[in-house]
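# Breakdown of the fold
Okay, here's what each chain looks like letter by letter:
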Amino acid sequence: MTHPLLNVREGAVARLRLNRPDLHNAFDAVVIAALTGALEAVAADDSVRVVVLEGEGASFSAGADLNWMRGMAAASEDANREDSLALARLMRTLDELPKPTIARVHGAAFGGGVGLVACCDIAIAAPEAKFGLTESKLGLLPAVISPYVIEAIGPRQARRWFATAEIFAADVALQIGLVHQVVPAGELDHAVQRQIDLLLKAGPVASATAKALVRRVTGERDRDRDLLDADNAALIAGLRVSPEGQEGLGAFLEKRKPRWAE
């Protein structure tokens with residue numbers, strides 16, 4: 001069985017590559033656990049100076065895996081809450097990782113894929129990349145990833161994209177602050193390498209603690225984040241088992257329009 005995550009070391013750089021190309025690197029519980037574990041491992045590895053997050057194949061990450069969604073649609077609210085807390089742990093682990101992180105974005109970045117981009121310190125995309133917070137089409141919301149996406153794009157933009165589920169292009173992602181740079185696809189690796197080179201020239205402690213400084217200055221407290229994760233997990237769990245969430249998920253899985261869109 002192919003491992004869903006590749007951990008490629010290039011000197012002081014760890015490349016964590018989502019490795020489900022046939023499914024556009026979609027999320028499921030196994031992927032979430034593998035990526036969380038890999039991030040925890042590199043956090044404890046003093047030889048790692050920079051982490052690059054990327055996707056194998058045509059996409060960065062197209063969001064939730066179909067079979068995973070089918071299973072969670074049939075699960076209890078408590079099971080959905082635990083599932084959502086696992087995703088919250090992944091996002092928070094990436095966001096707080098004591099190493100600088102770079103998202104190399106190409107193809108689709110939907111749902112949780114947008115969350116991964118928002119959690120990285122630096123995000124660089126190809127012009128062909130497509131982004132979407134598509135949960136509201138299913139009667140859901142991007143609750144678990146919302147703290148990181150809102151921090152990246154601001155509340156005004158979040159209100160639009162969370163509500164409409166509209167797909168948007170890389171130039172819009174740049175405009176609203178989700179990515180820092182858009183470069184031609186053929187120059188994507190060069191642009192990522194340039195950021196790696198800059199980070200490796202910076203002081204290791206300084207570059208690793210930069211995000212902690214920003215968090216402290218902006219007044220974020222760990223206890224608040226624990227409460228926020230719990231509240232968001234409860235919200236999405238409730239939405240998944242609600243009549244609207246069940247209809248939205250059912251329509252998606254059955255490849256039909258939900259009743260409210262007919």
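Because the structure is a prediction, the values reported are computed rather than measured. (Residues numbered from 1 in each chain as written. Predicted model: local features only at pLDDT ≥ 70, side-chain atom pairs only at ≥ 80, totals over all residues. Heavy atoms only, no water.)

## Focus: the sheet that holds strand β4 (residues 101–105)
The six strands lie next to each other as β1-β2-β3-β4-β6-β9, forming an open sheet whose pairing is mixed. Of all strands in the sheet, those with a lone pairing partner are β1 (5–10) and β9 (181–182), marking the two edges. Here six bridges tie β1 to strand β2 (residues 13–18), and the two strands are oriented antiparallel to one another. Paired with Leu6 across the bridge in β2 is Arg17. Contacts from helix α8 (residues 188–201) reach β2, β3 (50–55), β4, β6 (122–125) and β9 within the one sheet, and its direction differs from that of β4 by about 175°. (Pairing = 2+ DSSP bridges. Helix = DSSP H or I, 4+ residues; strand = E, 2+ residues; numbered from the N terminus. Contact = heavy atoms within 4.5 Å. Axes fitted to C-alpha atoms, helices over the stretch in contact; angles between N-to-C directions.)

## Brief notes about helix α3 (residues 77–95)
Helix length check: α3 (19 residues) gives 26 Å between terminal C-alpha atoms against 27 Å at 1.5 Å per residue, within 8%. Buried residues of α3: Asn80, Asp83, Ser84, Leu87, Ala88, Leu90, Met91, Arg92, Thr93, Leu94 and Asp95, and no others. (Expected span 1.5 Å × (residues − 1). Buried < 20%, exposed > 50% of the residue type's maximum accessible area, 1.4 Å probe, protein only.)

## Concerning the packing of aromatic side chains
Inspection of the entire model under this criterion finds two aromatic pairs. With 5.8 Å between their ring centres and 15° between their planes, Phe131 and Phe168 make a pair best called stacked. With Phe131 in strand β7 (residues 130–132) and Phe168 in strand β8 (residues 167–169), the pair connects residues that are 37 residues apart, well separated along the chain. Since its relative accessible area comes to 4%, Phe168 is described here as buried. (Phe/Tyr/Trp six-rings, centres within 6.5 Å; stacked < 30°, edge-to-face > 60°.)

## Regarding the side chain of Arg92
Following the sequence through the fold, Arg92 ends up in helix α3. Judged by relative accessible area, which is 13%, Arg92 ranks as buried. A polar contact is formed between the side chain of Arg92 and the side chain of Asp226, at a distance of 2.4 Å. (Polar contact = N/O pair within 3.5 Å; in protein donor to acceptor, adjacent residues only side chain to side chain.)

## Some remarks on the packing of helix α4 (residues 112–119) against helix α5 (residues 146–153)
Packing of α4 against α5 brings their axes to within 8 Å, and their N-to-C directions diverge by 60°. With respect to α5, the element α4 is oriented oblique. In this structure, the crossing between α4 and α5 has a hand that is left-handed. Each of Val114, Gly115, Ala118 and Cys119 in α4 lies in contact with α5, whose residues at this interface are Tyr148, Val149 and Ala152. Of the residues assigned to the contact of α4 with α5, the class counts are six nonpolar, one polar and no charged. (Parallel < 35°, antiparallel > 145°, perpendicular 65-115°, else oblique. Left-handed = near helix turned anticlockwise from the far one by under 90°. Nonpolar A, V, L, I, M, F, W, Y, C, P; charged D, E, K, R; others polar.)

## Some points on helix α1 (residues 29–43)
In a regular helix each residue adds 1.5 Å, so 15 residues correspond to 21 Å; α1 covers 21 Å between its end C-alpha atoms and thus fits that length. Those residues of α1 that sit buried are Val31, Ile32, Ala34, Leu35, Thr36, Ala38, Leu39 and Val42. Its side-chain oxygen at 3.1 Å from the backbone nitrogen of Val30, Asp28 defines the N-terminal cap of α1.

## Some remarks on the layout of surface pockets
Estimates place the volume of the largest pocket at around 790 Å³. In this structure, the largest pocket is lined by 36 residues; those nearest its centre are Gly63, Ala64, Met69, Thr134 and Leu138. For the lining of the largest pocket, the secondary-structure elements that each account for two or more residues are α2 (66–73), α3, α10 (222–241) and α11 (243–253). Partitioning the lining of the largest pocket into residue classes produces 24 nonpolar, seven polar and five charged. (1 Å grid on protein atoms, 1.4 Å probe; cavity = no way out; pocket = protein on both sides within 12 Å on 5 of 7 lines; lining within 4 Å. Points joined across faces, edges and corners; volume = space filled by probe spheres on them.)

## A few points about the pattern of salt bridges
By the definition in use, this model includes 21 salt bridges. A salt bridge links Arg20 to Asp28, with the shortest nitrogen-to-oxygen separation between them at 3.5 Å. Both residues of the pair, Arg20 and Asp28, count as buried. Of the charged contacts in the structure, one is a salt bridge between Asp189 and Arg104, with a shortest N-O distance of 2.7 Å. Separated by 85 residues along the polypeptide, Asp189 in helix α8 and Arg104 in strand β4 bring together distant segments of the chain. Look at Asp189 and you get partly exposed, because its relative accessible area is 42%. What emerges from the salt-bridge pattern is a single network uniting Glu10, Arg15, Arg17, Glu54 and Glu56. (Salt bridge = Lys/Arg side-chain N within 4 Å of Asp/Glu carboxyl O.)

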